[in-house]
Amino acid sequence: MIRIPAAVALLLVVSACSQEEPSPPLPPQVSVANPLSRNVVDWDEYIGHFEAPQSVELRARVSGQVTQILFRDGQDVQEGEPLFIIDPRPYKAVLDQSRATVESAEATRQNAISIEARSATLVTTSTVSREKLEADQTRLRTATAALNAAKAALEAAELNYDWTTVRAPISGRVSSRRVSIGDHVQAGTTLLTTVVSLDPIWFVFDGAESFYLKYLRQARQGQRQLSRDFENPIDIRLSDEATFSHRGRMVFVDNAVDIESGTIQAHAVVDNHDHLLTPGMFGRARLLGSGSYSAMLVPDEAIITRQSLKEVLVLARDSTVTKRTVELGPEVLGLRAVRNGLASTDLVILDHITQLQPGMKVVPRRVAIEPRNADDGPGAPPVAAPEPFAATVTDER
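Residues numbered from 1 in each chain as written. Predicted model: local features only at pLDDT ≥ 70, side-chain atom pairs only at ≥ 80, totals over all residues. Heavy atoms only, no water.

In terms of helices and strands, the chain carries four helices and 24 strands. The proportion of buried residues among the 397 residues of the chain is 39%. Counting contacts in the chain only where the partners sit at least 6 residues apart, residues at least 24 apart contribute 75% of the total. Just so you have it, the chain exposes about 22,400 Å², and 53% of that area is on carbon and sulfur atoms. (Helix = DSSP H or I, 4+ residues; strand = E, 2+ residues; numbered from the N terminus. Buried < 20%, exposed > 50% of the residue type's maximum accessible area, 1.4 Å probe, protein only. Contact = heavy atoms within 4.5 Å. Areas by Shrake-Rupley, 256 points an atom, 1.4 Å probe, with all protein chains shown as cover.)

In this section: the pattern of salt bridges. All chains considered together, the criterion is met by 16 salt bridges. Measuring nitrogen to oxygen at the nearest pair gives 3.3 Å for the salt bridge that ties Arg-284 to Glu-45. One end of the pair, Arg-284, is in strand β15 (residues 282–288); the other, Glu-45, is in strand β2 (residues 36–51), with 239 residues separating them in the sequence. Among the charged side chains, a salt-bridge network with shared partners connects Lys-92, Asp-96 and Arg-99. (Salt bridge = Lys/Arg side-chain N within 4 Å of Asp/Glu carboxyl O.)

This next bit is on the sheet that holds strand β3 (residues 55–59). Read from one edge of the open sheet, four strands run β3-β10-β8-β5, paired in antiparallel fashion. Every other strand in the sheet has two partners, leaving β3 and β5 (76–77) as the edge strands with one partner each. Direction of pairing for strand β8 (residues 172–174) relative to strand β10 (residues 191–196): antiparallel, over a ladder of two bridges. Bridge pairing in β10 links Val-174 to Val-195. (Pairing = 2+ DSSP bridges.)

A separate point is the nonpolar core. Counting 22 residues, the largest nonpolar core has Leu-297 and Leu-342 as its most contacted members. Counting only elements with at least two residues in this core, the list comes to β2, β16 (293–298), β18 (309–315) and β21 (335–340). Residue contributions to this core peak at five residues, all from β16. Judged by nonpolar contacts, the second largest core, of 21 residues, contains Phe-50, Phe-203, Ile-236 and Ala-268. (Core = buried A, V, L, I, M, F, W, Y, C linked by side-chain atoms within 4.5 Å.)

Okay, the packing of helix α2 (residues 89–122) against helix α3 (residues 130–163) next. At a closest axis distance of 8 Å, the pairing of α2 and α3 adopts a crossing angle of 160°. In terms of axis orientation, α2 runs roughly antiparallel to α3. Note that α2 runs across α3; the crossing there is left-handed. Of the residues belonging to the contact of α2 with α3, the class tally is 19 nonpolar, seven polar and 10 charged. (Axes fitted to C-alpha atoms, helices over the stretch in contact; angles between N-to-C directions. Parallel < 35°, antiparallel > 145°, perpendicular 65-115°, else oblique. Left-handed = near helix turned anticlockwise from the far one by under 90°. Nonpolar A, V, L, I, M, F, W, Y, C, P; charged D, E, K, R; others polar.)

Take the sheet that holds strand β4 (residues 64–69) next. Overall, antiparallel pairing links the four strands, which are arranged β7-β6-β4-β9 in an open sheet. In this open sheet, the two edge strands, each paired with only one partner strand, are β7 (165–167) and β9 (184–185). Relative to strand β6 (residues 82–86), β4 runs antiparallel, the two sharing three bridges. Across the sheet, Val-66 pairs through a bridge with Ile-86, a residue of β6.

Another point: α3. In a regular helix each residue adds 1.5 Å, so 34 residues correspond to 50 Å; α3 covers 50 Å between its end C-alpha atoms and thus fits that length. Among the residues of α3, those classed as buried are Leu-133, Asp-136, Leu-140, Ala-143, Leu-147, Ala-150, Leu-154 and Ala-157. In this structure, the buried side of α3 is in contact with α2. (Expected span 1.5 Å × (residues − 1).)

In this section: the confidence of the model for the chain. This prediction gives the chain a mean pLDDT of 85; 88% of its residues lie at or above 70. Across residues 375–389 the pLDDT falls below 50, and counting only partners more than four positions away or on other chains, this stretch makes 43 contacts in the model. (pLDDT = per-residue confidence, 0-100.)

Relative to the helices and strands, His-267 resides in strand β14 (residues 263–270). In contact with His-267, not counting residues within four places along its chain, are Trp-202, Phe-203, Val-204, Met-250, Val-251 and Phe-252.

On to α2, then. Along its 34 residues, α2 runs 50 Å from first to last C-alpha, staying within 8% of the 50 Å computed at 1.5 Å per residue. Inspection of α2 places Tyr-91, Leu-95, Ser-98, Val-102, Ala-105, Ala-112, Glu-116 and Ser-119 among the buried residues, and these make up the whole buried set. Considering only its buried residues, α2 is in contact with α3.

Structure, rendered in structure tokens:
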């Protein structure tokens with residue numbers, strides 16, 4: 001037998017191994033899932049402020065000296081509640097005089113009635129002349145007119161006396177007093193204070209012309225009713241709130257678009273029973289922005305952005321990767337809505353997105369997509385959309 005040195009044998013083994021072809025890499029394992037199918041509605045977001053439906057500048061209706069102030073600055077008041085007292089004594093004297101004038105005029109008229117009746121009886125027997133009867137009738141008419149004038153003066157005196165007590169014209173919140181006790185106020189001129197109504201309250205905002213055009217076209221297509229004709233819902237949150245907890249309804253859209261700003265003004269009415277909402281306070285609102293439509297929901301990390309294109313990777317029947325161009329919508333339940341480009345039966349690839357190319361073989365692992373946000377109220381989950389609109393689910397089918 002021929003002995004081969006150990007070093008040579010080892011070299012032959014290594015050479016033989018180097019001539020074997022390398023085994024192909026195993027296909028990557030990826031997670032795939034069907035998109036969630038939901039019927040959703042869009043909500044357009046606006047910044048606005050609260051405004052009192054009624055704001056009254058309270059001025060005295062009679063002149064005189066302020067003798068009492070019956071409220072605390074900034075307190076809530078009810079309609080008809082007394083706020084100021086203007087010295088009533090001069091007006092009480094005029095009132096008493098007017099009442100006495102009415103009593104005198106009534107007595108004069110009653111006497112004129114008796115004389116006229118007696119003359120009417122005697123004229124039939126020619127005891128009293130026709131001229132005397134006509135004179136008595138004239139005196140009766142004059143006495144009647146004097147009584148009516150006295151009653152009108154009495155009514156004016158009663159009004160003036162009543163106006164010496166200045167009352168809240170509406171229910172709401174009173175501002176600070178603008179006069180002090182002892183000040184002389186002039187009828188119709190001196191500002192006493194202001195009162196604003198609080199419940200309900202308006203939320204006023206300006207909408208872009210592009211949104212207004214969208215609403216017009218949706219109304220023509222029967223997708224959404226115009227807020228000019230229908231009380232569309234609106235949700236509002238304050239600057240320190242995370243959810244849209246205040247509910248309102250649209251009641252007004254202006255009749256023209258502002259040429260300078262390209263916006264149109266609108267307002268909603270909001271219940272404010274606890275008087276938390278204050279005129280001038282700012283808030284963010286979401287207004288119903290569409291009719292209900294079907295959307296596919298997928299995680300944001302499953303979406304590929306290529307300039308203006310949005311794409312997702314989908315598993316084909318032969319376990320290869322395919323690419324779909326999609327139209328995105330708002331964020332819903334913590335997921336991204338896809339308006340077009342996906343079907344509920346598609347298997348969307350959820351991970352290793354940057355490592356995959358169309359046509360590659362993969363090993364799929366089925367998972368389920370779950371909502372990431374819970375509802376914050378009936379039919380109104382919290383949303384945070386980077387677009388100028390958000391959306392909520394209308395059912396959970």
